[in-house]
Structures are given as C-alpha cells and as structure tokens.
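Now for the letters of each chain:
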Amino acid sequence: KEAVESFNRKYRAKHERQFSWLKEELSEQGVDTEALVAQLQAFQVAIPSWALGTGGTRFGRFAGGGEPGSLEQKIEDIGLLHALNKSSGAISLHIPWDIPEDPAHIKKLAESHGIRFDAVNSNTFQDQKGQQLSYKFGSLCHTDAAVRKQAVAHNIEVIRHGMALGSKSLSLWLSDGSCFPGQQNLARAFNYTLESLREIYEALPEGWQFLVEYKPYEPNFYSTVIQDWGTSHLLCSKLGEKANVLVDLGHHLPNTNIEQIVAILINEKRLGGFHFNDSKYGDDDLTVGSIRPYMLFLIFNELVEGIRQSGGDSNAYAWMIDASHNVKDPLEDLLQSVEAILLAYAQAMLINRESLDNAQLANDAGRAQQILQQAFRTDVRPLVKEAMLRSGAALDPLGLFRELKVRERLIEERGASSQATGL
Ligand code: AOS
Ligand code: ZN
Ligand code: ZN
C-alpha cells in the first residue's frame, strides 16, 4: 500500500492535468464522468489459476522463473495483481490442477487479499494420475456409460470444491469430439452430452450458474461436440435457467462477428460469462486488446447494453481472463489484459447511445460510424487511471511492478525453475 501511495505521488500532478482536461471535454459531450469512473471501479475480472505460469505450445515451453508452485502462491500472485490494479479481485480455479486441500485456510488467505472465488473449472480433457477410465475418446459424450459417469462425478466433485470456497458457478469446457470423419456418430455424441450435462445440472446448488463454453476445434480436429454458440445455447435452453453460454474470444472461426453473437445472447438472456483474450489465427490466447482492440470495443458496446439491462451492474456477467503467456512475464501480461479490458469498457461507455439509436433508426450508416469511432478514438486512459487512483491502485500498475522488481524478487524467493501447474 505504501509503495502504491509513494508511486502515485510521483505521477499524480501529471494525471490530474490529463484527467481534468478530459473531464471537461467529455462534459461538453454530455458524459457523466463521475458515474463512468464509478462503473470502472466496480468492474472486477477473475484471474485463472492456470495463467500464472508461462504457457507454451506442443513444440516447447520456456519457463520464466519464480512461478507459483502451490495454490497458496497462486493466490499470492493474484493478490499482488489486485493490490496493483484493484480490478482483479477474483480467482477462477481449475480442478484438479488446484485442489484446495484445506478450503477454510485457502478461503481465508484469499479473503486477506480481497479475492473471492469465481467460477470453478472442471477438467475432463486430460487423464489424471490414477484415473480409472480414459478420456481419450471423450468424456461426457463417451460411448461407454462408465466413462460418462466418471466425468459427471468429477464435475459434481468440482461443484463441491467450489461450494467450500464460496464460488457460485461451474464453468465447463469440453474437448469432446472426433479427429476423423466417421469416427463418431455426431447426433449420438450430442445426445450423450446433453444427458450427462443434465446430471451435472441437477447437482447445482441454489443460486449457482452453469457456464457452458464452446469452441470449434482443438484438440479435436474434425468435430467438437459443443462447437459453437448455437450448440451451447441449445444445450443451455434444454438444461434450464441456471445454464448460460460462456464466450471465449478465441473460440471462433476467423472473422466471426463476435459482437453479434454477444448481442443475441444478451437479447435471449443467455449470456453467462466471458473468457477474455485476443487472437489472430485461432485459440491463440494472446493478451487482451493486443491484436483487435476495435473488435473488443464493439463487443463492449453490446456488453454495456447488457449491463444497462441488468440495472447497471458492472459485474453482470462472469468476467474471466483466459490467456497464455509464451514470451511475456505472466503477471505483466495479466496486468496488460486487465487494463485493455477497462479501456474498452470505458470507451464503450462513451458511446452516445441515444444518438446512435437515432442514426440507426434513420439508417444513417455514416453517422453511426462516426459516433462509434468518436468514442473509440478518445484516449480514455485518464479515466481508467482515475478509477485506479480512487480505488487505491497504482496509476500505472505495470510501471510499479517493474519499479519494485517483483519478478526478480519472486525468482529469489521461489527459484528460477519453479513451475506452475496448468496447460
Ligand atoms: C480451452 O480452450 C478453453 O479456453 C478453456 O476455457 C480453458 O482454456 C481451459 O479450461 C484451461 O484449462
Ligand atoms: Zn476459455
Ligand atoms: Zn481456449
């Protein structure tokens, strides 16, 4: 806290200048800056427990050093991120990579860092040590009822872990599918999946949400059972009200209009959560906003509408980052992702909705574009900084991270070769 304060003192004057200039500009446009900053302050995005180590591909992984070697250390890392930006006050756990052996202790530790437990994630895309039956040919869709049963039981166990930690949602991503034409009866795989999901759904406690993620390919390269938002939506509507679609930004075929998917899901009240990342080719899991910031802004344009419909709650959906860091420091990368999300949210809140609506009703495409780009081209960094300042975060979280030599200190503490569990 002290480091944050003395850091902010150094940059405060410059920030005040920039913020008051922008505030004046925006008030001329009729924007309520105070309300906007409060919305930004409220926004919290969950950090996945699997993204704190260096990622890699099947060709190799280049560890960065000082990675968290236990769940406790992962929580400490997220606590650090949250202390720096006050916008990442939640963790999303992956079972069995991060089984909380002593949930009461883990919960207390997280609380001491101001962190709550967001969605818990199940894993039936790998075989674990000592596991009886293999998921090589699928889990919830498997032709063998015993495998399906094992996968259902795992998901129910994940719910139990979540309950002990105060989590309120189960997030499910299935790799189930097939690698070759003819390998799998596509309709049967779907039906078995639905049947298995129903059993998991039945085990969901009151007030819980079931987040169903989709993805077109990988690791299966011919078919994936839950391949797109339509399939996910279909399953959710068959399951019931607690089931909602989870949109991972990297899980679309090239050039898909993701903002349109988001708009329709909001309209159908079936949007549950988000996995933020960016991509150029596939499920690249790159830093949010590093490749297609305009698309992110257009998505947030829809999300702002959804947030408005939910009474203005910045956390109306389960926000999570799902990224992998191949050559960057994972903690730095996460700070950059959170910042990119806040910037897109701020820009989208600048859109003059009434004018946009009028332009749309008048079929004035030129005016509509102008309204969007006016918002997108505004440098909203002072708004995000102001939100950080008011919440007690650093004016420049990444700058402070480097100034404090956090990574060097973590390497000293944990060693150069400590590796985090995860992908
Ligand atoms: C996989 O591609 C999905 O994005 C999952 O949401 C996530 O990456 C996985 O569950 C983490 O292991
Ligand atoms: Zn994901
Ligand atoms: Zn993914």
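Residues numbered from 1 in each chain as written. Chains lettered and ligands numbered in written order. Predicted model: local features only at pLDDT ≥ 70, side-chain atom pairs only at ≥ 80, totals over all residues.

### Focus on the overall build of the chain
- On a plain count of helices and strands, the chain comes out with 15 helices and 12 strands.
- Over its C-alpha atoms the chain spans a radius of gyration of 22 Å, differing by no more than 12% from the 22 Å that the globule rule assigns to 423 residues.
- Considering only C-alpha atoms, the chain reaches an extent of 65 × 60 × 40 Å along its principal axes.
- Split into buried and exposed, the 423 residues of the chain put 46% on the buried side.
- The contacts in the chain between residues at least 6 apart in sequence include a share of 79% that link residues at least 24 apart. (Helix = DSSP H or I, 4+ residues; strand = E, 2+ residues; numbered from the N terminus. Rg over C-alpha atoms; globule rule 2.2 N^0.38 Å. Buried ≥ 20, exposed ≤ 12 C-beta atoms within 10 Å, placed from the backbone. Contact = placed C-beta atoms within 7 Å.)

### Some words on the UniProt feature "domain: Xylose isomerase-like TIM barrel" (unreviewed entry) in the chain
- The UniProt entry lists residues 98-285 under the feature "domain: Xylose isomerase-like TIM barrel" (unreviewed entry), expressed in the numbering used here.
- Across residues 98-285, helical content stands at 37% and strand content at 16%; the span's end C-alpha atoms are separated by 21 Å. (UniProt positions renumbered as here; feature names shortened; annotations may be inferred.)

### Things to note about the pairing of strand 8 (residues 209-213)
- Taken across its 5 residues, strand 8 has 4 buried, putting it largely inside the fold.
- In this sheet, strand 8 lies alongside strand 6 (residues 169-172) in parallel orientation, the contact comprising 4 bridges. Its bridge partner being in strand 8, serine 171 is matched across the sheet by leucine 211.
- Sheet topology places strand 8 next to strand 10 (residues 243-248); 4 bridges connect them, and they run parallel. By the bridge assignment, glutamate 213 is partnered in strand 10 with leucine 246. (Pairing = 2+ DSSP bridges.)

### As for the confidence of the model for the chain
- Mean pLDDT over the chain stands at 97; residues scoring 70 or higher make up 100%.
- Among the scores for the predicted complex, ipTM is 0.96 and pTM is 0.97. (pLDDT = per-residue confidence, 0-100.)

### Focus on the nonpolar core
- One finds Leu40, Ile91, Val212, Tyr345, Ala346 and Ala348 to be the most contacted residues of the largest nonpolar core, which totals 110 residues.
- With 14 residues, helix 10 (residues 330-350) is the single largest residue contributor to this core.
- Dropping the residues within four chain positions of it, tyrosine 345 is found in contact with Leu40, Phe43 and Phe300. (Core = buried A, V, L, I, M, F, W, Y, C linked by C-beta atoms within 7 Å.)

### Some thoughts on the environment of tyrosine 281
- Residue placement: tyrosine 281 occurs in the loop between strand 11 (271-276) and helix 9 (293-309).
- The spatial distance from the C-alpha of tyrosine 281 to the C-alpha of asparagine 255 is 9.5 Å, given a sequence separation of 26 residues.

### A closer look at unusual backbone geometry
- A cis amide bond links isoleucine 95 to the next residue, proline 96, at an omega of 15°.
- Between glutamate 218 and proline 219 the backbone carries a cis peptide bond, its omega angle lying at 10°.
- Structurally, proline 219 is set in the loop between strand 8 and strand 9 (223-224).
- One non-glycine residue, asparagine 255, lies in the positive phi region at around 70°.
- Position of asparagine 255 among the secondary structure elements: in the loop between strand 10 and helix 8 (258-267).

### Some points on the pairing of strand 10
- Burial runs high along strand 10: 6 of the 6 residues are buried.
- Bridge count between strand 10 and strand 11: 4 bridges; the pairing is parallel. Within the sheet, the bridge partner assigned to valine 245 lies in strand 11 and is leucine 271.
- Of the crossover connections in this fold, the one passing from strand 10 over helix 8 to the parallel strand 11 is right-handed. (Right-handed = clockwise from strand over helix to strand, strands pointing away.)

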